[in-house]
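Chain residues, written in single-letter form:
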Amino acid sequence: GISASSYASNTNTRLYTPNYNLSAAGSYTLSFYKKNAFESGWDGFRVEYSLDKGDNWSILGAVSAGWYDFANTTQTTSFPINEPYFNLTSASFALKSIDISFLAGNPNVAFRFVFKSDGSVNSAGVAIDDFQISGTSNDPLPVQYLNFSGIAEEASNLLSWSTASESNNAGFEIERSVSGF
């Protein structure tokens, strides 16, 4: 699994995960711990997933034991009507878990936490910890790295790496991010 800690308060915030390889058939579970204090019946957060590297997102799950606690069926809140999310205050960390086996067979699955609130009532917000995906083992990456280094050189950077093995690898693509995403 992967562990992560994050905090969001009184804003519209989206926190993304890397893409996960769930291409092997089998059972998968997504879990994390959360604690929060929200404006009751209004603010909250939900988990969404993408199968196309973040171009399109879908709500993960519905109201159920161990998952969303607010159905949002009577009015538009921070989220549109009939879109469930986490809303009930939890003063200590509580485990949230959902079966994501329906995503098996997909090599690029990303998740994000969407937190929404308004400015009328201020509360602490949400803390998320120990995000994990557990389940069937998938094939390892087609490249096994031996080392990787980077050196700043005046107006550019020199990146060097070597591999122990490459299987079905068409090349390498270098990306740069100022924001960390």
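Predicted model only: the values in this text are computed from it and were never measured. (Residues numbered from 1 in each chain as written. Predicted model: local features only at pLDDT ≥ 70, side-chain atom pairs only at ≥ 80, totals over all residues. Heavy atoms only, no water.)

1. With respect to the side chain of E39
Okay, step 1: Along the chain, the position of E39 falls in the loop between β4 (28-37) and β5 (44-50).
Okay, step 2: Here E39 is buried and forms no salt bridge, its nearest opposite-charge partner K116 lying at an N-O distance of 14 Å.
Okay, step 3: In this structure E39 touches N87, D118, S120, V121 and S123, once residues within four positions along its chain are discounted. (Helix = DSSP H or I, 4+ residues; strand = E, 2+ residues; numbered from the N terminus. Buried < 20%, exposed > 50% of the residue type's maximum accessible area, 1.4 Å probe, protein only. Lys, Arg positive; Asp, Glu negative; His and termini not counted. Salt bridge = Lys/Arg side-chain N within 4 Å of Asp/Glu carboxyl O. Contact = heavy atoms within 4.5 Å.)

2. Some details on the packing of aromatic side chains
Okay, step 1: All told, the structure shown has 18 aromatic pairs when counted by the stated rule.
Okay, step 2: Both rings, one in W67 and one in Y68, keep their centres 5.3 Å apart while their planes meet at 55 degrees; by these two values the pair is tilted.
Okay, step 3: Taking relative accessible area as the criterion, Y68 reaches 1% and is therefore assigned buried.
Okay, step 4: Ring-pair connections join several aromatic residues into one group, and the members of that group are Y20, F32, F38, F45, W67, Y68, F86, F111, F113, F115 and F131. (Phe/Tyr/Trp six-rings, centres within 6.5 Å; stacked < 30°, edge-to-face > 60°.)

3. Let's talk about a nonpolar patch on the surface
Okay, step 1: A cluster of nonpolar side chains, Y145, F148, L159, W161, F172 and I174, forms an exposed patch at the surface whose accessible area comes to about 590 Å².
Okay, step 2: Looking at where I174 falls in the secondary structure, it is placed in the segment after β11 (156-166).
Okay, step 3: Residue I174 is classed as exposed on the basis of its relative accessible area of 51%. (Patch = residues over 30% accessible without salt bridge, like charges linked within 9 Å, V, L, I, M, F, W, Y side chains within 5 Å. Areas by Shrake-Rupley, 256 points an atom, 1.4 Å probe, with all protein chains shown as cover.)

4. A look at the confidence of the model for the protein chain
Okay, step 1: Averaged over the protein chain, the pLDDT score is 82; the fraction of residues at 70 or greater is 86%.
Okay, step 2: The secondary structure element of the protein chain with the lowest average pLDDT is strand β1 (residues 5-8), at 38, and the one with the highest is strand β6 (residues 58-59), at 96. (pLDDT = per-residue confidence, 0-100.)

5. A word on unusual backbone geometry
Okay, step 1: Positive phi values are uncommon outside glycine, yet K53 reaches one of about 60 degrees.
Okay, step 2: Despite not being glycine, N82 shows a phi value in the positive range, around 70 degrees.
Okay, step 3: Structurally, N82 is set in the loop between β6 and β7 (90-99).
Okay, step 4: In this structure N82 comes out as exposed when scored by relative accessible area, which is 54%.

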